[in-house]
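Given next are the chains, with one letter for each unit.
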Amino acid sequence: MVEENNKLEQEHHEKPMSLLGLSVITGLFGGIFWSSIAYLAYVFKFTEIRPNVILEPWTIGDWKVGWLGTIISIIIIGMLSIGVALIYYFTLRKFNRMYIGIGYGLALFLIVFFVLNPIFPGIDPFKELSRNTIVTSICFYVLYGVFIGFSISYEESEIQKSKDSKQKEVRST
Amino acid sequence: MVQQSISKKMLPESLDTIEDYMKRNIGLGKSFDLGVRKLKILRKDIHIYYVNGLCDTQFIINLFEELVEINDHEKLSTNVFGIVENRLIHQSVNRIKSMDELVDQVLSGLIVVVVEGEREGLVVDVRSYPGRQPQEPDTEKVVRGARDGYTENIIVNTALTRRRIRDEKLRFEIMKIGERSKTDVAIGYIEDVADPDLVEIIKRELKSIETDGLTMGDKTVEEFMLKQGYNPFPLVRYSERPDVVSAHILEGHVVIFVDTSPSVMITPTTFFHHVQHAEEYRQSPTVGTFVRWVRFIGIFTSIFFLPLWFLFVLEPDLLPGRLAFIGPNETTNIPIIAQLFIADIGIEFLRMAAVHTPTSLSTAMGLIAAVLIGQIAIDVGLFVPEVILYVAVAGIGSFMTPSYELGIANKIVRLILLALVAIFHVPGYVIGVTLFILLLASIRSLNIPYFWPFLPFSPMAFLKILVRQSVPGSKLRPSITHSRNRYREPSNS
């Protein structure tokens, strides 16, 4: 630590990040950020679903519905989101189109609300959800999907571009 | 037809032919500001063409003195042209060969000296354009920091920039755009930093502009270059501060100067370039970060806050218990949505009025606006007090936006959101916000995603937006400019 502090500010170095690292961080940040916003939406009753539903399959103490439960849920969603980002990284990163991200988000929505629905008692069966909840959830999933998808695909296309231009330089010299 | 062939060809030997051409085509003798001065030097005729008011009379008198003295000091010679060239005591003397060049140069404010019997002319740069001194720009004031700003003169503007970057690789490439106006446009960049592709694209776009004139300066150039269409968001950042522009050049941006315009275009730009301000970099990083966050909150408020409040007015059930007091307590005859639109457009009235009102009257106008209209509108029962409060907060948020253009674009978004909420309530608001974010993310300015670094997400760059980092710590140029050299100088540390 002492050495660190003695270092001049000028000597700190920043390094460009690898795409895999970027995917992990994007996933973590995206999960935490959008679920926090989703919690706000829950507070203002835009949606009936709060982030805490992620804790519901487990029978743990009462704290899981309090503020501690909310924070822990948001962090857990962040962790799960890393996985979601990695799945995108391994399957779809070559498509540099925004609507691929939108589709990815919609697919996630369908999986969570139809396939995984029985796991979460907090989420009512689809037909019983209110219109506001459905619209808000779809919007969140779309934004989340674009956030993950567009970020990873854009970075991938940037890397490809710089590779191409390097090859061009090599050829021209 | 004869005239046309003259203009393309070399200068004619006879001075009379030139004068005749100038009289017929350029309006010599008709336009009062165009003139020719005839001298006789070593028994040869010399004509000097000029435009009144664009050149500096003092310099010209000095040059003439020197020319006339040739008659006293030199022997008769056949090489009058060489002697005259030698005696033109000015650092910037060029030879020209065609009639076209002669006309262009004279109309730009240079003087052209032609000698009887020679097929070349001499151009002397004695330009002195009417203009103002560098002043602090009104729109980008800082508490501390440089007080000079760009003026309407492109030469002064590039000079102000070069004063800050004395790099050998700094390039200003100039070109003339506009069939009739022949406006000077210069692009500035650092050769080994800026993305060569970007420079190439911008040059190509500039050269392909075909128009009569660029009398509205940079805005016209922007519309030609970026093909904005009806997208309200500003695709380039304008700045009138040389320090801001220089900082961007160092980051690898390419800037465009347009003569007669005091603002300089910075390309490529993203949304977040429009929400930063020079002031943040004149304070310590912590204070700068604080200032920036307050500004972000202001901008955020100006877009989302008013529609959200209106949503709560429509559906009070949405509010959690502790916030239940929000919402109008009185009832009026006019629906809230109409009040909001009237008040918001009223602020726009005030803004426009303030722009056109002379300073001496603006205090009086402010008084009328603030006290009379606001208060009396409530007393009469037209407005609920809360409407005035929230519209005012949103209005101030718009004015806080450092980029004037973005402020107005955000205002339009706010009004659209309001309309959506009025019609569709919660789904309208949520879908509206979602579409707004997707729209921002889908815009590309010179092939750069507009909402970078948030969407697509770039963690380090996003951190730099959230936290105003200390300058010594940031070694990396932002990746969005695709700079050739990612590390700031010196790169070895």
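Residues numbered from 1 in each chain as written. Chains lettered and ligands numbered in written order. Predicted model: local features only at pLDDT ≥ 70, side-chain atom pairs only at ≥ 80, totals over all residues. Heavy atoms only, no water.

Asks: Give me the overall build of chain A: which residues, what numbers.
Replies: Along chain A, the regular secondary structure elements total five helices and zero strands. Mapped from its N terminus to its C terminus, chain A presents α and β elements in the order α-α-α-α-α. In chain A, which comprises 173 residues, the share counted as buried stands at 40%. Sequence separation of 24 or more characterises 70% of the internal contacts of chain A that already satisfy a separation of 6 or more. Counting only carbon and sulfur atoms, one obtains 67% of the accessible surface of chain A, whose full area is about 10000 Å². (Helix = DSSP H or I, 4+ residues; strand = E, 2+ residues; numbered from the N terminus. Buried < 20%, exposed > 50% of the residue type's maximum accessible area, 1.4 Å probe, protein only. Contact = heavy atoms within 4.5 Å. Areas by Shrake-Rupley, 256 points an atom, 1.4 Å probe, with all protein chains shown as cover.)

Asks: Account for the UniProt feature "transmembrane region" (unreviewed entry) in chain A, with residues named and values stated.
Replies: All names here are of chain A. Using the residue numbers shown here, the UniProt feature "transmembrane region" (unreviewed entry) corresponds to residues 20-45, 65-90, 102-120 and 132-154. Strand forms 0% of residues 65-90 and helix 92%; the C-alpha atoms that close the span are 35 Å apart. Annotated as 74% helix and 0% strand, the span residues 102-120 places its first and last C-alpha atoms 24 Å apart. (UniProt positions renumbered as here; feature names shortened; annotations may be inferred.)

Asks: Talk me through the confidence of the model for chain B; I want residue IDs and the actual numbers.
Replies: When the pLDDT values of chain B are averaged, the result is 87; 96% of them are 70 or greater. For this predicted complex, the interface confidence reaches an ipTM of 0.87, while the overall pTM sits at 0.84. (pLDDT = per-residue confidence, 0-100.)

Asks: Explain the nonpolar core residue by residue, including any values.
Replies: Residues F46 of chain A together with I202, L206, F233, F271, L340 and L455 of chain B are the most contacted members of the largest nonpolar core, which totals 105 residues. Counting residues per element, this core draws most heavily on helix α14 (residues 404-442) of chain B, which supplies 16 residues. Each of domain 2 (154-269) and domain 3 (281-449) of chain B gives at least three residues to this core. Counting residues in hydrophobic clusters, the runner-up holds 22 residues, among them I41, L67, V84 and I111 of chain B. (Core = buried A, V, L, I, M, F, W, Y, C linked by side-chain atoms within 4.5 Å. Domains from an automatic or database assignment.)

Asks: Talk me through the pattern of salt bridges; I want residue IDs and the actual numbers.
Replies: All names here are of chain B. Counting across every chain of the model gives 31 salt bridges over all chains. Across the salt bridge formed by K203 and E173, the nearest N and O atoms sit 3.1 Å from each other. Taken together, the residues span a long stretch of sequence, with K203 in helix α7 (residues 196-207) and E173 in strand β6 (residues 170-177) at a distance of 30 residues. In this structure, K227 and E205 form a salt bridge, with 2.9 Å as the shortest nitrogen-oxygen distance. Of the two residues, K227 sits in the loop between α8 (218-226) and β8 (237-239) while E205 sits in helix α7, which places them 22 residues apart along the sequence. We classify K227 as exposed; its relative accessible area is 55%. (Salt bridge = Lys/Arg side-chain N within 4 Å of Asp/Glu carboxyl O.)

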